[in-house]
Amino acid sequence: MFQVLAADSIKEQGLQPLLEWKQAQVYSGGIDSGLVSLEKVDALLVRSATKVTAELLDSMPSLKIVGRAGVGVDNIDITAATKRGIVVVNAPDGNTISTAEHTFAMMAALMRNIPQAHANVKSGQWNRNQFIGNELYGKMLGIVGLGRIGSELAKRAKAFGMSVKVYDPFLTTERAEVLGVQLSTFDNVLQEADIISVHTPLTKETNGLLNERTLSKTKKGVYLLNCARGGIIDEMALAHFIEIGHVAGAALDVFKVEPPGDHPLLSLDSVIVTPHLGASTREAQLNVATQVATEIRSFFENKPVANSINLPAMSKDIYEKIQPFHQLAKQMGKIVSECHNKGVNELTATYSGTAAELETSYLTKALLAGFFENRIEVKVNEVNAIHIAKERGIMVGEKVTGNSFGYANTVTVTASGDGEAFTARGTYIDHYGPRIVSLDGFNIDFHPSGNLLYIQHMDRPGVIGNVGRILGDHDVNIATMQVGRKEAGGEAIMVLSFDKPLSDEMLTKLESLQDIVTINTITLS
Ligand SMILES: NC(=O)C1=CN([C@@H]2O[C@H](COP(=O)(O)OP(=O)(O)OC[C@H]3O[C@@H](n4cnc5c(N)ncnc54)[C@H](O)[C@@H]3O)[C@@H](O)[C@H]2O)C=CC1
Ligand SMILES: O=C(O)CCC(=O)C(=O)O
């Protein structure tokens, strides 16, 4: 049974995909609620209030997935989660419309002094002349960051007769044309826009994007909006530019620190604020909660997750194609690790045929996960595999080749270190399954599953018989047996499979047989 903790206020109806699933026990309550021991939690759902720090992750050793019911994941330490192999998923588009509508509402309210006028009337006054506003019609809106929310805002602004100029370094001119907006430079947007609204994520590049220097390039009388993330507009610089009368007003839904407490911006009449309400609609909260709850369930059911921050996204179709190779790659990683039980500082994966047409980086990560499984304490999966390899000084290479060795596809793994190398090759045959077709240069053919024994020996009469005799004496049934050699009388290998693992005593006896070079056990699922 998976233990799921829905921290923050997450709409219960949206948790339905998990609540109706018999494999999950869902607790709704804060991190410190004590409803469930943090050590046992398999999945954590958050909005923006819970800060998923490295320390919190350390206190949750069973945690496998964090779901962010929303877009921004700046409250989650993605690097720390990735290092620990924890998948992070979000709900990227469930609150787009709500946030775009909120931004538009803030813009209209800002231009018509609605919050100030509202407070005035409520206080018993009627000062109509104090609240003369500006039309939106005919004004130029500058949008910084034309992603999901920025584009929805652009549509609404155009419907109100505004012109829209955009700065987004990752947007193509073709896409801007489709959206009917003018793509421009940052400086040009600063210089020409009557209203500027930011819609980027908070990153190293966007932190303080609007600061003393860049604000000084804006038109006198400009209005600013931030319904994205606190910090994109430098708050102290903004307060200064309002105080000197350069910026006419600002609408803010977000702050660098939330709640902002006693903040200089809050005492300025021309600043209107909301408490991070962009996504706070019934519709958006149902959408995002349903999206992440579905993702978490898919993850535990080994189905594809569509919106992972630290795993490649895949459609169902692609997932179904890649799944058999994913399993093969993971098993090959384990096989190489066990057969070549030595120090490794380079691992290269080579793909051919239909395997090369897939998302090979995902397969290489699965291969690494299999390789590390019995080598290190830390749980390794596709999320942290590359990080762990780097940390351990293992260079990971990936190649694609046109040579499929007569198969429809191959996955070849070479592990090397200390002047020695070991290569394994596998293939996936439709309607038949995975096969390992070469080990250390020996042609062989076996199904990678169950309890296997890999024996290197000299190709001499009686070796195979002696192995069979010892196993028979111990009442061990050999399920399958494959042999391979390069030349008569030289080195050879055997791969045997059993219904149950062999005891240490049996392994010692087998090792002591004449002409046996090495013996390695491999346990595959
Ligand atoms: N106030 C609220 O309640 C909500 C706030 N948000 C925030 O809104 C922001 C935008 O969300 P979405 O539109 O869904 O994201 P998105 O990922 O669809 O769009 C972000 C856009 O910013 C652009 N961008 C990135 N770096 C840039 C830079 N240095 N300069 C200019 N453009 C840059 C990207 O190319 C992309 O087009 C995020 O910060 C998100 O966290 C989202 C939902 C609710
Ligand atoms: O959970 C919320 O209401 C915040 C939404 C938000 O800021 C986001 O989705 O990035």
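Residues numbered from 1 in each chain as written. Chains lettered and ligands numbered in written order. Predicted model: local features only at pLDDT ≥ 70, side-chain atom pairs only at ≥ 80, totals over all residues. Heavy atoms only, no water.

Per an unreviewed UniProt entry, the protein chain goes by the name D-3-phosphoglycerate dehydrogenase and belongs to Mesobacillus subterraneus. We quote the UniProt Pathway (unreviewed entry) comment for the protein chain here in full: "Amino-acid biosynthesis; L-serine biosynthesis; L-serine from 3-phospho-D-glycerate: step 1/3." Taken directly from UniProt, the Sequence similarities (unreviewed entry) text for the protein chain runs: "Belongs to the D-isomer specific 2-hydroxyacid dehydrogenase family." (UniProt positions renumbered as here; feature names shortened; annotations may be inferred.)

(A) Examining the overall build of the protein chain more closely. Broken down by element type, the protein chain carries 17 helices and 22 strands. Once the C-alpha set of the protein chain is aligned to its principal axes, its extents read approximately 105 × 50 × 40 Å. For the protein chain, the proportion of its 525 residues judged to be buried stands at 51%. For the protein chain, the proportion of contacts with a sequence separation of at least 24, taken over those separated by at least 6, is 63%. Accessible area of the protein chain: about 24700 Å², with a carbon and sulfur share of 50%. (Helix = DSSP H or I, 4+ residues; strand = E, 2+ residues; numbered from the N terminus. Buried < 20%, exposed > 50% of the residue type's maximum accessible area, 1.4 Å probe, protein only. Contact = heavy atoms within 4.5 Å. Areas by Shrake-Rupley, 256 points an atom, 1.4 Å probe, with all protein chains shown as cover.)

(B) Looking closely at the pairing of strand 6 (residues 140-144). Burial within strand 6 is extensive, with five of its five residues counted as buried. Here strand 6 shows a buried face lined by Met140, Gly142 and Val144 and a second buried face lined by Leu141 and Ile143. Relative to strand 7 (residues 163-167), strand 6 runs parallel, the two sharing five bridges. By the bridge assignment for strand 7, Ile143 is matched with Val166. Of the crossover connections in this fold, the one passing from strand 6 over helix 6 (residues 148-159) to the parallel strand 7 is right-handed. Here strand 6 pairs with strand 9 (residues 195-198) via four bridges, running parallel. Considered in strand 9, the bridge of Leu141 is made with Ile195. (Pairing = 2+ DSSP bridges. Right-handed = clockwise from strand over helix to strand, strands pointing away.)

(C) The pattern of salt bridges, seen in detail. For the structure on display, the rule yields 17 salt bridges. Put simply, Glu391 and Arg392 hold a salt bridge, and the shortest N to O gap is 3.9 Å. Residue Arg460 pairs with Asp515 through a salt bridge whose shortest N-O separation is 2.8 Å. Taken together, the positions of Arg460 in the loop between strand 19 (450-458) and helix 16 (463-473) and Asp515 in the loop between helix 17 (504-511) and strand 22 (516-524) put the pair 55 residues apart, joining distant regions of the chain. The class of Arg460 is partly exposed, set by a relative accessible area of 40%. (Salt bridge = Lys/Arg side-chain N within 4 Å of Asp/Glu carboxyl O.)

(D) A look at the site of ligand 2. In the neighbourhood of ligand 2, the contacting residues comprise Arg47, Ser48, Arg68, Gly70, Val71, Gly72, Asn95, Arg229, His276 and Ala279. Asn95 places a side-chain nitrogen or oxygen 3.0 Å from an oxygen atom of ligand 2. His276 places a side-chain nitrogen or oxygen 2.7 Å from an oxygen atom of ligand 2. Relative to its unbound accessible area of 290 Å², ligand 2 is 92% covered by the protein chains. Among the residues forming the shell around ligand 2, the class breakdown is two nonpolar, five polar and three charged. (Near = heavy atom within 4 Å. Polar contact = N/O pair within 3.5 Å; in protein donor to acceptor, adjacent residues only side chain to side chain. Nonpolar A, V, L, I, M, F, W, Y, C, P; charged D, E, K, R; others polar.)

(E) Geometry of the UniProt feature "domain: ACT" (unreviewed entry) in the protein chain. Mapped onto this numbering, the UniProt entry gives "domain: ACT" (unreviewed entry) at residues 452-524. The span residues 452-524 shows a helical share of 26% and a strand share of 44%, and its end C-alpha atoms are spaced 8 Å apart.

(F) Molecular detail of the domain arrangement of the protein chain. By the assigned domains, the protein chain splits into domain 1 (1-93 + 281-313), domain 2 (96-273), domain 3 (315-447) and domain 4 (449-525). Computed over C-alpha atoms only, the centres of domain 2 and domain 3 are separated by 50 Å. (Domains from an automatic or database assignment.)

(G) The arrangement of the packing of helix 16 against helix 17 in detail. Across the interface, helix 16 lies against helix 17 with an axial gap of 10 Å and an inter-helix angle of 155°. Taken together, the axes of helix 16 and helix 17 lie roughly antiparallel to each other. Here helix 16 runs over helix 17; the crossing is right-handed. Note on element contacts: helix 17 touches helix 16 through Met506, Lys509 and Leu510, opposite Val467, Ile470 and Leu471. A per-class count over the contact of helix 16 with helix 17 returns five nonpolar, no polar and one charged. (Axes fitted to C-alpha atoms, helices over the stretch in contact; angles between N-to-C directions. Parallel < 35°, antiparallel > 145°, perpendicular 65-115°, else oblique. Left-handed = near helix turned anticlockwise from the far one by under 90°.)

(H) Structural detail: the pairing of strand 21 (residues 491-498). Counting buried residues along strand 21, seven of its eight residues qualify, which places the element largely inside the surrounding structure. In the sheet, strand 20 (residues 478-485) pairs with strand 21 via seven bridges, with the strands oriented antiparallel. Residue pairing in the sheet places Met481 in a bridge with Leu496 of strand 21. Hairpin geometry of strand 20 and strand 21 is characterised by an intervening segment of five residues between the two adjacent antiparallel strands and by a positive phi of about 85° at Gly489.

(I) Fine view of the nonpolar core. Leu18, Leu45, Phe372 and Leu439 are the most contacted members of the largest nonpolar core, which totals 70 residues. Dropping the residues within four chain positions of it, Leu18 is found in contact with Val4, Ala24, Val26, Leu45, Ala293, Ile296 and Arg297. Grouped together as the second largest cluster of nonpolar side chains are 27 residues, Ala193, Ala239, Val247 and Leu252 included. (Core = buried A, V, L, I, M, F, W, Y, C linked by side-chain atoms within 4.5 Å.)

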